[in-house]
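Residue-level structure breakdown
Single-letter residue listing:
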Amino acid sequence: MADLRLTGLTKRFGALTAVDDLHLEVHSGSFFALLGASGCGKTTTLRMVAGLTEPTGGQIRIGDDDITRLRPYRRPVNTVFQSYALFPHLSVHENVAFGLRRRRQRDIDRQVADMLALVQLDGFGPRRPAGLSGGQQQRVALARALINHPRVLLLDEPLGALDLNLRRRMQIELKRIQTEVGVTFVHVTHDQEEAMTMADTVAVMNAGRIEQLGPPAQLYDLPGTPFVATFLGQSNLLAAHSEPGGENGELPVSAYGGRFTVPRDRCRAATATVYLGVRPEKLHLAGSPDAVPPGHQHVAGVVTDIAYVGVSTQYLVRTGWGTELSVFAPSTGAEERPELGAPVVAYWHSRHAFLLDRPDGAGDRTAPADLSVDVRA
């Protein structure tokens, strides 16, 4: 059952179309993430659901109710912002109780105590927000939103102001809380790891549209477009052409004089002009073609860069046609590490490759070498 349904949702700011004919269903009780770069339309979408921005066109429904033109306070939603938006002059208890007092609810103290226990802030009621850490303030903001029992909770980059370690801990806490309360969460973020860690379903947005939607592991393992392949983690994309024929469910592919195969069920391309894609952690390095295991495919190259990032070492391997492939090797301590400038062979199994449509004339693509993010399948 869909808790939140967007139909043809559109928002234009003059000549700029921020959200373009968006169709989306968020299932009841799920943790849903809208993932995309700045300016892709994800926050505008969330603000339209919250009633803070008026749509140019389309419809917003929660359950059977059309809320497209309802005022924000009439909608069964609450929003948690990156800035927390706590009242500095009120205690933690009064911040959480604020919505209940406005609606003249009974048994407020018990409800506030239960909610603070849920977010693991027992005994923090008398404190003021200024005396809390960033993570504690975020928990107060979450408690204040959840105590109103919204049908849908909207989270707008809620962890963006936290440091890395605290952000990771809060990711686990948010998922635990969502599971306990069973409320539908719609989480807007630009952080791939954050979306994949918490969400049941991820929608990758680009230029106001949904590029691909599905479970995180599915999007990562089998991206549907070059944008998804390079935004959600890193990918090596080789300009190639698919060919007719093939046996045992394998589709033949040619690239730069080499011949490869990809399982047909891992082909997301509708034309013969394709990208042959392999994730960096699915590539392995060997000293020569003789060391490549049977059933694997390979390309030769030279190591041009080595970066140790703790859990793995990232190698850049320049191929004979000039493309640099990114290879992640886990830091187990048992592997032999090639030196800078060493000739190597990068190899992979066909079941880890995928094919995507390639715009005519587009060449090889690899994701930017962002060593601070290491996303694995």
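If you're wondering where the values come from, they're calculated on a predicted model, not measured in any experiment.

All right, on to the overall build of the protein chain then. In terms of regular secondary structure, the protein chain is built from eight helices and 21 strands. If one aligns the C-alpha atoms of the protein chain with their principal axes, the spans along those axes are about 75 × 45 × 40 Å. In the protein chain, buried positions account for 52% of the 377 residues. Taking as baseline every contact in the protein chain between residues at least 6 positions apart, the subset at least 24 positions apart corresponds to 68%. Per element, the accessible surface of the protein chain, about 17,400 Å² overall, is 50% carbon and sulfur.

What follows concerns the sheet that holds strand S19 (residues 343-349). Across the sheet, which stays open at both edges, the five strands sit in the order S15-S19-S16-S17-S18 with antiparallel pairing between neighbours. Every interior strand has two partners, whereas the edge strands, strand S15 (284-286) and strand S18 (324-330), have only one. Across this sheet, the average inter-strand angle for adjacent strands is 45°, counted without regard to direction. Across seven bridges, the pairing between strand S16 (residues 296-308) and S19 is antiparallel. Note on S19: the bridge partner recorded for Ala300 is Val345.

What follows is about the UniProt feature "domain: ABC transporter" (unreviewed entry) in the protein chain. Using the residue numbers shown here, the UniProt feature "domain: ABC transporter" (unreviewed entry) corresponds to residues 4-232. Helix makes up 35% of residues 4-232 and strand 28%, whereas the separation of the span's terminal C-alpha atoms amounts to 24 Å.

Turning next to the sheet that holds strand S3 (residues 31-35). As summarised here, the arrangement of the six strands in space is S6-S7-S8-S3-S9-S10, forming an open sheet in which the pairing is mixed. This sheet does not close on itself; its edge strands, each paired only once, are strand S6 (77-81) and strand S10 (209-214). Ignoring strand direction, the axes of neighbouring strands in this sheet form an average angle of 20°. In the sheet, strand S7 (residues 152-156) pairs with strand S8 (residues 184-189) via five bridges, with the strands oriented parallel. Bridge pairing links Val152 to Thr184 in S8. Sheet strands in contact with helix H1 (residues 42-50) are S3, S6, S7, S8 and strand S9 (201-206), and its direction is about 145° off that of S7.

Below, the discussion takes up the pattern of salt bridges. This structure, assessed with the given rule, holds 16 salt bridges. Among the salt bridges present, the one from Asp20 reaches Arg209, with a minimum N-O distance of 3.1 Å. Separated by 189 residues along the polypeptide, Asp20 in strand S2 (residues 16-27) and Arg209 in strand S10 bring together distant segments of the chain. One salt-bridge network, in which partners are shared between bridges, spans Arg139, Glu173, Arg176 and Glu180.

For the rest of this paragraph, the subject is the packing of aromatic side chains. Taken as a whole and judged by the stated rule, the model has five aromatic pairs. Its end group placed over the ring of Phe13, Lys11 keeps NZ or CZ at 5.1 Å from the ring centre. The ring of Phe124 is capped by Arg127, whose NZ or CZ atom sits 4.2 Å from the centre of that ring.

For the rest of this paragraph, the subject is the pairing of S18. For S18, a buried count of five out of seven residues is recorded, marking the element as mostly surrounded by other parts of the structure. Both strand S17 (residues 312-319) and S18 contribute to a ladder of seven bridges, which runs antiparallel. What sits directly across from Arg318, in S18, is Glu324. As consecutive antiparallel partners, S17 and S18 are separated by four residues, and within that stretch Gly322 has a phi angle of approximately 100°, a positive value.

A few words on the environment of Tyr73. Within the secondary structure, Tyr73 sits in the loop between strand S5 (65-66) and S6. Its relative accessible area of 65% is what places Tyr73 among the exposed residues. Note: C-alpha distance between Tyr73 and Ala270 (197 residues apart in sequence) is 46 Å.

Relative to each other, helix H2 (residues 92-102) and helix H3 (residues 108-118) sit at 120°, their axes nearing to 10 Å. Classified by the angle between their axes, H2 and H3 sit oblique to one another. For H2 against H3, the interelement crossing comes out right-handed. On H3, the residues touching Val92, His93, Val96, Ala97, Leu100 and Arg101 of H2 are Ile108, Asp109, Gln111, Val112, Met115 and Leu116. A class-by-class count of the residues in the contact of H2 with H3 yields eight nonpolar, two polar and two charged.

So, on to the packing of H2 against helix H4 (residues 134-146). When two helices pack together, their arrangement is given by the angle between their axes and by how far apart the axes lie. Two elements in contact, H2 and H4, have axes separated by 7 Å at closest approach and are oriented at 30°. With respect to H4, the axis of H2 lies roughly parallel. In this structure, the crossing between H2 and H4 has a hand that is right-handed. Contacts between H2 and H4 involve Val92, Asn95 and Val96 on the former and, on the latter, Val140, Ala143 and Arg144. Grouping the amino acids of the contact of H2 with H4 by side-chain chemistry returns four nonpolar, one polar and one charged.

So, how was this worked out
- Residues numbered from 1 in each chain as written.
- Predicted model: local features only at pLDDT ≥ 70, side-chain atom pairs only at ≥ 80, totals over all residues.
- Heavy atoms only, no water.
- Helix = DSSP H or I, 4+ residues; strand = E, 2+ residues; numbered from the N terminus.
- Buried < 20%, exposed > 50% of the residue type's maximum accessible area, 1.4 Å probe, protein only.
- Contact = heavy atoms within 4.5 Å.
- Areas by Shrake-Rupley, 256 points an atom, 1.4 Å probe, with all protein chains shown as cover.
- Pairing = 2+ DSSP bridges.
- Axes fitted to C-alpha atoms, helices over the stretch in contact; angles between N-to-C directions.
- UniProt positions renumbered as here; feature names shortened; annotations may be inferred.
- Salt bridge = Lys/Arg side-chain N within 4 Å of Asp/Glu carboxyl O.
- Phe/Tyr/Trp six-rings, centres within 6.5 Å; stacked < 30°, edge-to-face > 60°.
- Lys NZ or Arg CZ within 6 Å of the ring centre and 35° of its normal.
- Parallel < 35°, antiparallel > 145°, perpendicular 65-115°, else oblique.
- Left-handed = near helix turned anticlockwise from the far one by under 90°.
- Nonpolar A, V, L, I, M, F, W, Y, C, P; charged D, E, K, R; others polar.

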